[in-house]
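Residue-level structural notes
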Amino acid sequence: MLIRQVIKSFYILMPLAILMAFLWAPSAEILGDFSRIIYFHVPLAWVSVLAFLVSGVLSAAYLFDKKQRYPWLDEKAFNSASIGMAFALLAVITGSLWAKLTWGSFWNWDPRETSIVVILLIYIAYFSLRSALAGNDRRGVIGSSYLILAMMTLPFFVFLAPRIYDSLHPETIINADRTPHLDDRMRMTLLISIFAFTSLYAYILHLMNRALAVAKRLEEEYHAAD
Amino acid sequence: MTGVRYRIEARGLTQRFGRNVIFKNLNFALETGSSFCITGANGSGKSTLLKILAGIQAPSDGSVTYADISRGALIKECSSCIGYTGPLVNPYDDLTALENIYFASGRAEKSRIDSLLKCFHLTGHEDKKIRHYSSGMKQRLRIILADLNDPPILILDEPGTNLDESGRRILRSYLDSVSVEKAVILATNDRDEEKLCGRGIRLG
Amino acid sequence: MVREILRNLSKDFSVEFRTRFALNVSIAFAVTATVSVSLTAGGVPFPSLVQSILLWMIIFFSAMNGLSHIFVREEDQATALFLRITMSADSIFISKFIYNQSFMMIVLAVVTPLFLFFLQVKVILISYFVLTILSGGLSIAAGATILAAMVAKAGGKGSLFSILSFPLLLPVLWVSIFATKNSLDGARPADYNSLVFLLAFSGFISAISFLLFRFVWIED
């Protein structure tokens, strides 16, 4: 099973990434050791995007899998979204620390900061909707539809809106994430760290889905005993 | 409806909620000109079965097919050839009976509407808002709405609910007359209504 | 299909305008919000950016008070099953969509003049202003219709509708606010790209909503 290999690799990749980030990679010229936050911020942001994408794909699959050949896809989408939310919050925290160090303030409303806020709002709305639908057998369909709708409108935000906004306010084209002059060792560390965090995501999702399956089994046993 | 013959067939219908099996592997077929009763205790799945037959809900397993025998063709979407009503089909409270009727059908003729209203003793009440209807009047309107478009298949869930003895008598004579040319499927626990049915099944 | 849509529209208009509940709440909210902003400002005119933000916030929340009613009512009065067996999901979505657009136009027709009157707003690019208000309103109602259907199935709980709508409609509000500001102070010539954006957004979200609606509406 691929997932077992990924989980095993986590135990090697994550310590390796941490060691490389703190010891092996050189510090950047201007930022000094502060720049090492990049090895955590970028992977966190990447995993949150990945987790949200996976939850969107699972939601779409749920809607089209009418006969429910794959069980509980909507709940798995929910699990992935929860992980995405946690990682996105961590990415925001590390990002604003970094922004404070480079730009002098925690928050600048640059296009990336704006889009992550919108993404967070979308998922807060999704979690509210799911909790409002507790005990409703339409929960999966409606939650999934909302997620798909939200994901479809995201490109408008991420790509189009900042451009129109920029045409009014050219001074806001600031890309805090732009990382020029990464040397090879930095690049290598970043790559390993991205793999490490991706395997962490796969690990957590796998655990959550197994817990879900156990919970469902218990529920059924309970009802069967009636 | 004369001359049109339809057939509704259920194959291997099974309904589960989680691991609870409500009913399993039901097979039956019905043609226009006959009637079919579904009886059973509360919670035995009568309403669910009727919704499945009416195409409102999908079964966990199995299928329902409709066929136009006079033309020898299977029909996929049969919303216009089925009249369905049940306790959860509520007309709009803020509309009058006549407005509800026109909403339910764009093509019913005035004469048909009048004769249905007369048959169910609602003539003279058609311009009242449903809000001011008694529950028995509402139930009679439900049956009118289901049969309004003269569908070849009529599916009625507990049609006698809320009706008094005279209302039930009207209903029985009406069902008796329409079952000559329609396929009538009833869910009921009323002995007298059961007598109307040629065949039936008991759930649970 | 066209006849089904017309039948459903005439039903919705008669039911809604016999009670006028949703419309009254929306208009009452708009009037209260506008008057209280004007009252606390004490006659001092705001900068044009603040004015456009206030205008769109009032429009957005007035609309949020009414746009979900068209679906929530069907669930509250338990008429959803009757509607479901009477016509196809596509006809239902299109008619509810048209109803919500008309509702939005009524809200705009009340809110905008009221706002201009009470907050001493001067509009420089008048036709651009009107077009911005119309296309912004169109986008809000377009996005809100499918969300209304979802909220209705979730039991129409309180502020859930605004929570769901806000992130989805944020691009609309954003673009509308800047276009409105521009039309108020006339700092630069009318930028029709933002109107194109709003129309494109409406078209796109309507298409997606149309495709998703049958999943939300039909239970099986």
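Remember, it's a predicted structure, so these values are computed and weren't measured experimentally.

Brief notes about the overall build of chain A
A tally of regular secondary structure across chain A gives six helices and zero strands. Across the 226 residues that make up chain A, the buried fraction comes to 37%. Long-range contacts, defined here as pairs at least 24 residues apart, represent 77% of the contacts in chain A between residues at least 6 apart.

A few points about the overall build of chain C
Across its full length, chain C carries nine helices and zero strands. Its helices and strands in sequence order give chain C the pattern α-α-α-α-α-α-α-α-α, from N to C terminus. Over its C-alpha trace chain C gives a radius of gyration of 18 Å, about what one expects of a compact globule, namely 17 Å for 220 residues. By principal-axis analysis of the C-alpha atoms, chain C measures approximately 55 × 35 × 30 Å.

Observations regarding the interface of chain A and chain C
Residue-level contacts link 26 residues of chain A with 27 residues of chain C. Looking at the side of chain A that touches chain C, the elements that each hand over two or more residues are helix H4 (111-132) and helix H5 (139-168) of chain A. Of the residues assigned to the side of chain A that touches chain C, the class counts are 22 nonpolar, three polar and one charged.

Topic: the sheet that holds strand S7 (residues 153-157) of chain B
Residue and element names in this part refer to chain B. Overall, parallel pairing links the five strands, which are arranged S6-S7-S8-S3-S9 in an open sheet. Looking at the sheet topology across the chains shown, the edges are occupied by strand S6 (82-85) and strand S9 (199-203). Across the sheet, the axes of successive neighbouring strands diverge by a mean angle of 10°, strand direction being ignored. In this structure, strand S3 (residues 34-40) lies alongside S9, joined through five bridges in parallel fashion. Across the sheet, Thr39 pairs through a bridge with Arg202, a residue of S9.

Digging into the nonpolar core
Grouped burial of nonpolar side chains is what soluble globular proteins tend to show. Residues Leu129 of chain A together with Met150 of chain C are the most contacted members of the largest nonpolar core, which totals 171 residues. It is helix H7 (residues 126-153) of chain C that contributes the most residues to this core, 15 residues altogether. Dropping the residues within four chain positions of it, Leu129 of chain A is found in contact with Ile142, Gly143 and Tyr146 of chain A together with Met150, Ala154, Leu160 and Leu164 of chain C.

Describing the interface of chain B and chain C
Taken together, the contact between chain B and chain C spans 16 residues of the former and 17 residues of the latter. Of all the elements, helix H2 (residues 97-104) of chain B adds the most residues to the side of chain B that touches chain C, at three residues. Broken down by class, the residue content of the side of chain B that touches chain C amounts to ten nonpolar, three polar and three charged.

Some details on the pairing of strand S4 (residues 61-68) of chain B
All names here are of chain B. Of the pairings in the sheet, the one linking strand S1 (residues 6-17) to S4 comprises seven bridges and is antiparallel in character. Bridged to Arg7 within S4 is Ala67. Two strands pair when backbone bridges link them, and S4 and strand S5 (residues 73-75) are joined in this way by three bridges, in the antiparallel orientation. Each residue of the ladder has a partner; that of Tyr66, found in S5, is Ile75. The antiparallel pairing of S4 with S5 creates a hairpin that spans four residues between the two strands, and Gly72 there sits at a positive phi of about 65°.

Remarks on the sheet that holds strand S2 (residues 20-31) of chain B
Residue and element names in this part refer to chain B. The strand order across the open sheet formed by four strands is S2-S1-S4-S5, and the pairing between neighbours is antiparallel. Pairing within the sheet leaves two strands with one partner each, and these edge strands are S2 and S5. Between one strand axis and the next, the sheet turns by 25° as a mean value, whatever way the strands run. The pairing of S1 with S2 spans eight bridges and is antiparallel. Of the residues in S2, the one forming a bridge with Leu13 is Leu26. Running at roughly 130° to S1, helix H1 (residues 46-53) makes contact with S1, S2 and S4 of the sheet.

Here we look at the packing of H4 of chain A against helix H8 (residues 160-185) of chain C
Contact geometry for H4 of chain A and H8 of chain C: axes closest at 9 Å, N-to-C directions at 155°. With respect to H8 of chain C, the axis of H4 of chain A lies roughly antiparallel. Seen along the crossing, H4 of chain A lies across H8 of chain C with a hand that is left-handed. Mapping the contact onto sequence places Val118, Leu121, Ile122, Ala125, Ser128, Leu129 and Ala132 of chain A in H4 of chain A and Leu160, Ile163, Leu164, Phe166, Pro167 and Leu170 of chain C in H8 of chain C. Considering only residue class, the contact of H4 of chain A with H8 of chain C consists of twelve nonpolar, one polar and no charged.

Notes on the packing of helix H2 (residues 21-41) of chain C against helix H3 (residues 48-66) of chain C
Residues and elements named next belong to chain C. Where H2 contacts H3, the axes come no closer than 8 Å and their chain directions differ by 155°. Our classification of the angle between H2 and H3 gives roughly antiparallel. Of the two elements, H2 crosses H3, and the hand of that crossing is right-handed. Where H2 approaches H3, its residues Ala22, Leu23, Val25, Ser26, Phe29, Ala30, Ala33, Thr34 and Val37 are matched on the opposing element by Leu54, Ile58, Phe61, Ser62, Ala63, Asn65 and Gly66.

Considerations on the environment of Met1 of chain C
Residue and element names in this part refer to chain C. Relative to the helices and strands, Met1 is located in the segment before helix H1 (2-19). Owing to 10 C-beta atoms within 10 Å, Met1 belongs among the exposed residues under this scheme. Residues Met1 and Ala207, spaced 206 residues apart in sequence, show a C-alpha to C-alpha distance of 17 Å. Setting aside residues no more than four positions away along its own chain, Met1 makes contact with Asp90 and Ser91.

Overview of the environment of Pro152 of chain B
Residues and elements named next belong to chain B. Tracing the backbone through its elements, the reader meets Pro152 in the loop between helix H4 (135-147) and S7. The exposure class assigned to Pro152 is buried, which follows from the 24 C-beta atoms found within 10 Å. Between the alpha carbons of Pro152 and Leu175 there is a distance of 13 Å; along the sequence they are 23 residues apart.

Brief notes about unusual backbone geometry
Residues apart from glycine generally show negative phi values, whereas peptide bonds are mostly found in trans. All names here are of chain B. The phi torsion at Glu158 lies on the positive side, around 45°, for a residue other than glycine. Position of Glu158 relative to the elements: it lies in the loop between S7 and helix H5 (165-178). Classification of Glu158 by C-beta neighbours within 10 Å gives partly exposed; the count is 19. The phi dihedral of Asn162 is positive, around 65°, even though this residue is not glycine. As for its placement among the helices and strands, Asn162 is situated in the loop between S7 and H5. The exposure class of Asn162 is partly exposed, given the 15 C-beta atoms found within 10 Å.

What counts, and at which threshold
- Residues numbered from 1 in each chain as written.
- Chains lettered and ligands numbered in written order.
- Predicted model: local features only at pLDDT ≥ 70, side-chain atom pairs only at ≥ 80, totals over all residues.
- Helix = DSSP H or I, 4+ residues; strand = E, 2+ residues; numbered from the N terminus.
- Buried ≥ 20, exposed ≤ 12 C-beta atoms within 10 Å, placed from the backbone.
- Contact = placed C-beta atoms within 7 Å.
- Rg over C-alpha atoms; globule rule 2.2 N^0.38 Å.
- Nonpolar A, V, L, I, M, F, W, Y, C, P; charged D, E, K, R; others polar.
- Pairing = 2+ DSSP bridges.
- Axes fitted to C-alpha atoms, helices over the stretch in contact; angles between N-to-C directions.
- Core = buried A, V, L, I, M, F, W, Y, C linked by C-beta atoms within 7 Å.
- Parallel < 35°, antiparallel > 145°, perpendicular 65-115°, else oblique.
- Left-handed = near helix turned anticlockwise from the far one by under 90°.

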